[in-house]
Amino acid sequence: MSDFTKWAVIGYNDDTGIGNQLDAIKHDIGISKHLVIPSEKLKTKPLKNSDEILVEKNTSESKLESMLQGVDILLFIEIYGWHRDLFVVAKKLKIKTVCLVNWEWFNPDDSNWRKVDFLAAATRYTISFLKGLGFSNLLYLPPPIKLEDLPERVITGKGRSFFHNAGIIDDDDRKATHAVIRAFSKVKNPEIQLLVRSQHTVDLKVDDSRIIIHRGNLLKRADLYRVGDVAIQPSKLEGVGFNILEPVACGVPTITTDCEPMNEWVSERFLRVKTSFWKKKSFSNKMAGIKHAFLCSPSVGALSKAIEWCASNDLSDISREQRADAVSLLAKDKLRFAWEKELQKNML
């Protein structure tokens, strides 16, 4: 059995994607020690106890060494260089390093990845991708999502209320919000409606009384999934795809793209829409020169057909099966067992 009390995580403690991932990992897997890096985008949450330790850029090597006493394995997400002395201290203390790779931010040209003892991934696609780059020190660790904090939904009958969580709509429109609006408007069914949630006041042009735009954040993540029969999340690009995985795990039928890794969480073929290859790189490419993270735009026509299908068919079986599959993989005890099994297989 892996002793997760001897693990530590390092990274943000905030409401960014990385912050939320680390929070779920600590909660579901049972890791208490967190070396907290000050947030660059959002406010760092207050430290709760002695297991949460703030690590500044100027934290000395000796002080970092003191912080990591008693740690056998150090887990981090996406970024290997959370602190300049991280690998020096880890090697000195014989601490194994594990990086959870979110695929779209992984730069294979960076030789520093060879310093990491193990590369972990939450999707099978990412494991395959890393194998293709010649990495063999790989761990498949299913993604903790704090399933118990999400509402259990039971969807019955035909889809009538659709929703799309757009988040921050950037220049690349990564969540394909504009395609969702166009596709929904093509479906001439007066009995259906669409709720689009955006985190800021971007001007969304909507000429359809069935479409409601909600601007601003919700207090709780669970509130994103409490209402609505069908989620429409045809992202052009995702690293893990939490905005797809979470509604699926709630039992909400979810329309997404038939493009990896976004399609990994949706098995029903009617809910996976074809895409067109867009020769424009993702936001991560602009920031890090990453060559593999192309955007895949959903076909508006195919998206409309998926919406029509959901509005014309009983969704009870899909809802029930999705929830059952999520519980079998993502419930806290199941996740911990899956992690332990993978770690034992690799002698960690």
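For the structure, see preceding data.
What you are looking at is a predicted structure, and each value in this text was computed from that prediction instead of being measured.

1. Brief notes about the environment of V196
Here is step 1 of the chain: Topologically, V196 is positioned in strand β9 (residues 193-198).
Here is step 2 of the chain: Among the residues examined, V196 registers a relative accessible area of 0% and is labelled buried.
Here is step 3 of the chain: In the structure, V196 is positioned 46 residues away from F242 in sequence and 17 Å away in space, judged by C-alpha atoms.
Here is step 4 of the chain: When sequence neighbours within four positions are dropped, the list of residues in contact with V196 reads H164, A166, T177, I181, L204, I211, I212, I213 and H214.

2. Considerations on the packing of helix α5 (residues 177-186) against helix α8 (residues 300-312)
Here is step 1 of the chain: Following both chains from N to C, one finds α5 and α8 inclined at 55°, their axes separated by 8 Å at the closest point. Classed by the angle they form, the pair α5 and α8 counts as oblique. Here α5 runs over α8; the crossing is right-handed. On the side of α5, the interface is formed by A179, V180, R182, A183, F184 and K186, while α8 contributes V300, L303, S304 and I307.
Here is step 2 of the chain: Looking at the contact of α5 with α8, its residues break down into 7 nonpolar, 1 polar and 2 charged.

3. Observations concerning the packing of aromatic side chains
Here is step 1 of the chain: Applying the stated criterion across every chain, the model contains 12 aromatic pairs.
Here is step 2 of the chain: Both rings, one in W7 and one in W339, keep their centres 6.5 Å apart while their planes meet at 50°; by these two values the pair is tilted. Here the residue W7 occupies a position in strand β1 (residues 7-11), and W339 occupies one in helix α10 (residues 332-345), the gap between them amounting to 332 residues. Each member of the pair, W7 as well as W339, is classed as buried.
Here is step 3 of the chain: With a centroid separation of 4.9 Å and an interplanar angle of 90°, the aromatic rings of Y12 and W82 are classed as edge-to-face. In this pair, Y12 sits in the loop between β1 and α1 (17-30) while W82 sits in the loop between β4 (73-77) and α3 (86-92), placing the two residues 70 residues apart along the sequence. For the pair formed by Y12 and W82, the shared burial category is buried.
Here is step 4 of the chain: Every member of this aromatic cluster is reached through a ring pair, and the members are Y80, F106, W113 and F135.
Here is step 5 of the chain: Across from the ring centre of Y140, 3.6 Å away, lies the NZ or CZ of R124, which sits over that ring.
Here is step 6 of the chain: Across from the ring centre of F270, 4.2 Å away, lies the NZ or CZ of R269, which sits over that ring.

4. A closer look at the pairing of strand β8 (residues 161-167)
Here is step 1 of the chain: Buried residues dominate β8, accounting for 6 of its 7 residues.
Here is step 2 of the chain: Sheet topology places β8 next to β9; 6 bridges connect them, and they run parallel. For H164, the partnering residue across the bridge sits in β9 and is V196.
Here is step 3 of the chain: In this view, the connection linking β8 to its parallel neighbour β9 by way of α5 has right-handed handedness.
Here is step 4 of the chain: Strand direction decides the pairing type here: β8 and strand β11 (residues 230-232), joined by 2 bridges, are parallel. Its bridge partner lying in β11, F163 is registered against A231.

5. Overview of the nonpolar core
Here is step 1 of the chain: By size, the foremost hydrophobic cluster in this structure holds 111 residues, and its most contacted members are I25, F76, L119, F162, I255, I307 and W339.
Here is step 2 of the chain: The contact partners of F162, leaving out residues within four places of it in the chain, are F184, I192, Q193, L194, L195, V230, I232, I307, C310 and A311.

6. Describing the sheet that holds strand β12 (residues 254-257)
Here is step 1 of the chain: In spatial order, the strands read β10-β9-β8-β11-β12-β13; together these 6 strands make up an open sheet with parallel pairing. With one partner strand each, in any of the chains shown, β10 (211-215) and β13 (272-273) form the two edges of the open sheet.
Here is step 2 of the chain: In the sheet, β9 pairs with β10 via 5 bridges, with the strands oriented parallel. When the bridges of β10 are listed, V196 appears paired with I213.
Here is step 3 of the chain: In the packing of α8 onto the sheet, contacts are made with β8, β11, β12 and β13, and the angle to β12 comes to roughly 160°.

Rules used in this analysis
- Each residue is numbered by its place in its chain's sequence as written, counting from 1.
- Residue-level local features of this predicted model are given only where pLDDT is at least 70; pairs of side-chain atoms are given and counted only at 80 or more, and the full residue set underlies all totals for whole chains, interfaces and linings.
- Only heavy atoms go into the side-chain values, all of them from the structure, while hydrogens and water stay out.
- Secondary structure is summarised from DSSP: a helix means a run of H or I of at least four residues, a strand means a run of E of at least two, and numbering begins at the N terminus for each.
- Buried, partly exposed and exposed residues are distinguished by accessible area as a fraction of the type maximum, computed with a 1.4 Å probe on protein chains only: under 20%, between the cut-offs, and over 50%, respectively.
- By definition in these notes, contact holds between two residues if any of their heavy atoms fall within 4.5 Å.
- Between N-to-C directions, angles cover 0 to 180 degrees, with each direction set by a line fitted to C-alpha atoms, over the stretch in contact for helices.
- Angle categories are assigned with fixed cut-offs, so that under 35 degrees is roughly parallel, over 145 is roughly antiparallel, 65 to 115 is roughly perpendicular, and the rest are oblique.
- Whether a crossing is left-handed or right-handed is set by the direction in which the near helix is turned from the far one by less than a right angle, anticlockwise for left-handed and clockwise for right-handed.
- By the convention adopted, Pro, Cys, Tyr, Trp, Phe, Met, Ile, Leu, Val and Ala count as nonpolar, Lys, Arg, Asp and Glu as charged, and the other residues, Gly among them, as polar.
- For Phe, Tyr and Trp, rings pair up if their centres lie within 6.5 Å, where Trp contributes its six-membered ring, and each pair is then called stacked (planes under 30 degrees apart), edge-to-face (over 60) or tilted (otherwise).
- Geometrically, a lysine NZ or arginine CZ counts as sitting over a ring once it is within 6 Å of the ring centre and also within 35 degrees of the ring normal.
- DSSP bridges decide pairing: two strands pair if at least two such bridges lie between them.
- We call a crossover right-handed when, viewed with the strands running away from us, the connection from the first strand over the helix to the second turns clockwise.
- Buried residues of nine kinds, namely Ala, Val, Leu, Ile, Met, Phe, Trp, Tyr and Cys, make up a nonpolar core once their side-chain atoms join them within 4.5 Å.

By themselves, these are just geometric observations and shouldn't be taken as functional.
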